[in-house]
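Spelled out from the first residue to the last, the chains are:
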Amino acid sequence: MNNFGPLEIIEGPNKSKVPFSRSLFINSSKKVLIDTGADPKSLLSIQQRYGIDLVVNTHYHPDHTRHNYLFSNAEKWINPIEYGSSLTVEGIATINGVYQEWGTEGVEKWKQSVPQEWMESLGEISGTYKYEEEYLFGDVKVHFLHTPGHTEGLACPYFPELGVVFVGDYDMSSFGPWYNGTDGDIDAFIESGKRLLNLDVHTYITGHQKGLFSKAEFKQEMEKYLAIIDKRDELIDKYVRQGLNFEELTNLGIFYPKKTLTNTILKTWERSGIRKHLQRLGYTVQNNDIVLLSAVR
Ligand SMILES: [Zn+2]
């Protein structure tokens, strides 16, 4: 994949699909790595050749932070919103939806399934960057744009002098926008997406799948991508009008393929994602029944 001046793109396995992601290496006099979801072999080779001074995480999700632990000598930063909650497994459970959907008991169960190295990677984070300020890494200028929606704290590193932005989970995949954690927000997702379109850049680098988009391509894809939100709205509204209750609605596979919903974490995000659409459509869940918000107020 292309490099952009001092920016080197490091691929993750399987087109950087979840549970991996693309990393970005700033090869300047200061060696900075943005996200650590890429292939560990490639990351280690960069580490051996250059030595990473600083690891920067765009947000807390394990597909972007999973290999932080490989850089034991580097300083590690995350965004200021997620710093507090992302260092412990309990903190993660409150923002990723597990606590909301299953309570304390569910959190205890989920903890057993979390790989040790993921939490180790998050636990090593020792500081934060500031949003919307100019950082100079060697001679490379970067701003960490606050682009909430996917998570509350997601940052998109923007390189004004290179005309490049790293848009992480605005991945333009056919799955569509992901805002399914407790801290995700559909309207914010749309707002941030539109903001990205207005940047003075020629290239968008995504964290997963295709990877590189020209401005025109990204604009075109963003329209299709955000339209998936409306399709989800329509589908959910249709089922609610048919009289389905919350359990029934969350067993259909609106976000994830139905057959994958036996996986607890995917089921968690199916439920929390549907809740967000219900709220957007003016409904609320009361003991498994879906009722119009105006009727309870
Ligand atoms: Zn993510």
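Residues numbered from 1 in each chain as written. Predicted model: local features only at pLDDT ≥ 70, side-chain atom pairs only at ≥ 80, totals over all residues. Heavy atoms only, no water.

Per an unreviewed UniProt entry, the protein goes by MBL fold metallo-hydrolase and derives from Bacillus seohaeanensis.

K.L.:
Describe the nonpolar core, listing the residues and the values that go with them.
P.N.:
Nonpolar side chains in soluble globular proteins tend to end up buried together. Of all hydrophobic cores here, the largest spans 54 residues; its most connected members are Val165, Tyr170, Leu196, Phe218 and Leu278. It is helix α9 (residues 215-241) that contributes the most residues to this core, 8 residues altogether. For this core, the two domains that each supply at least three residues are domain 1 (3-222) and domain 2 (239-296). Aside from chain neighbours lying at most four places away, what touches Leu196 is Thr147, Cys156, Val165, Val167, Tyr170, Tyr204 and Phe218. Membership of the second largest hydrophobic core comes to 23 residues, among which are Ile34, Val56, Tyr131 and Ala155. (Core = buried A, V, L, I, M, F, W, Y, C linked by side-chain atoms within 4.5 Å. Buried < 20%, exposed > 50% of the residue type's maximum accessible area, 1.4 Å probe, protein only. Helix = DSSP H or I, 4+ residues; strand = E, 2+ residues; numbered from the N terminus. Domains from an automatic or database assignment. Contact = heavy atoms within 4.5 Å.)

K.L.:
Please give an account of the coordination of the zinc ion that cites residues and values.
P.N.:
Summarising the metal site, the zinc ion is bound by the protein donors His59 (NE2), His61 (ND1), His150 (NE2) and Asp169 (OD), whose distances to it range over 2.1 to 2.2 Å. Between the 4 donor atoms coordinating the zinc ion, the angles at the centre fall across 80 to 170 degrees, so the site counts as irregular. Sequence positions of the residues that donate to the zinc ion give the spacing H-x1-H-x88-H-x18-D. Taken together, the residues His61 in the loop between β5 (54-56) and α3 (62-65) and Asp169 in the loop between β11 (164-168) and α8 (186-197) connect sequence positions 108 residues apart. (Donors = N, O, S within 2.8 Å, 3.2 Å for Na, K, Ca; no water. Tetrahedral: all angles 85-135°; square planar, octahedral: opposite > 155°, others 65-115°.)

K.L.:
Break down the environment of Gln220 for me, with residues and values.
P.N.:
By the secondary structure assignment, Gln220 is in helix α9. In sequence terms Gln220 and Val114 are 106 residues apart; their C-alpha atoms lie 37 Å from each other.

K.L.:
I'd love a proper account of the pairing of β11, names of residues and values included.
P.N.:
Sheet faces and side chains relate simply in a regular strand, where the side chains alternate between the two faces. Summarising burial for β11: 5 of the 5 residues are buried, a large majority. Residues Val164, Phe166 and Gly168 of β11 are buried on one face, and the alternating residues Val165 and Val167, pointing to the opposite face, are buried as well. The pairing of strand β10 (residues 155-159) with β11 spans 2 bridges and is antiparallel. Within the sheet, the bridge partner assigned to Tyr158 lies in β11 and is Val165. Hairpin connection, β10 to β11: the antiparallel pair is bridged by 4 residues, and Gly163 has positive phi, about 70 degrees. (Pairing = 2+ DSSP bridges.)

K.L.:
So, the sheet that holds strand β1 (residues 3-4): which residues are in play, and what are the values?
P.N.:
Taken together, the 7 strands give an open sheet; going across it, the order is β1-β2-β3-β4-β5-β6-β7, and neighbouring strands pair in mixed fashion. On the outer flanks of this sheet lie β1 and β7 (127-128), each paired with one strand and no other. In terms of strand pairing, strand β6 (residues 75-78) meets β7 through 2 bridges, oriented parallel. Each residue of the ladder has a partner; that of Trp77, found in β7, is Gly127. Lying over the sheet, helix α2 (residues 40-50) contacts β2 (7-10), β3 (23-27) and β4 (31-34), oriented at roughly 145 degrees with respect to β2. (Axes fitted to C-alpha atoms, helices over the stretch in contact; angles between N-to-C directions.)

K.L.:
Explain the sheet that holds strand β9 (residues 140-146) to me, and be specific about the residues and the numbers.
P.N.:
A sheet is described by the order of its strands in space; here 6 strands give the open sequence β8-β9-β10-β11-β12-β13, paired in mixed fashion. Of all strands in the sheet, those with a lone pairing partner are β8 (134-137) and β13 (212-214), marking the two edges. Strand-to-strand, the axes of this sheet are offset by a mean angle of 25 degrees, without reference to chain direction. On top of the sheet, α9 reaches β11, β12 (203-206) and β13; it is set at about 100 degrees to β13, its chief contact.

K.L.:
Explain the pattern of salt bridges residue by residue, including any values.
P.N.:
As enumerated under the stated definition, the model contains 14 salt bridges in all. Close ionic contact of Glu108 with Lys111 constitutes a salt bridge, the shortest N to O distance being 3.3 Å. Pair noted here: Glu108 and Lys111 are both in helix α6 (residues 98-111), with a separation of 3 residues, about one helical turn. Residue classification places Glu108 among the partly exposed positions, given a relative accessible area of 39%. Taking relative accessible area as the criterion, Lys111 reaches 22% and is therefore assigned partly exposed. Of the charged contacts in the structure, one is a salt bridge between Asp237 and Arg241, with a shortest N-O distance of 3.0 Å. Of the two residues, Asp237 and Arg241 are both situated in helix α9; the distance of 4 residues between them amounts to about one turn of the helix. Accessibility expressed as a relative area gives 64% for Arg241, which makes it exposed. Here the salt bridges share partners, and the residues they tie into one network are Glu101, Glu247, Arg271 and Arg275. (Salt bridge = Lys/Arg side-chain N within 4 Å of Asp/Glu carboxyl O.)

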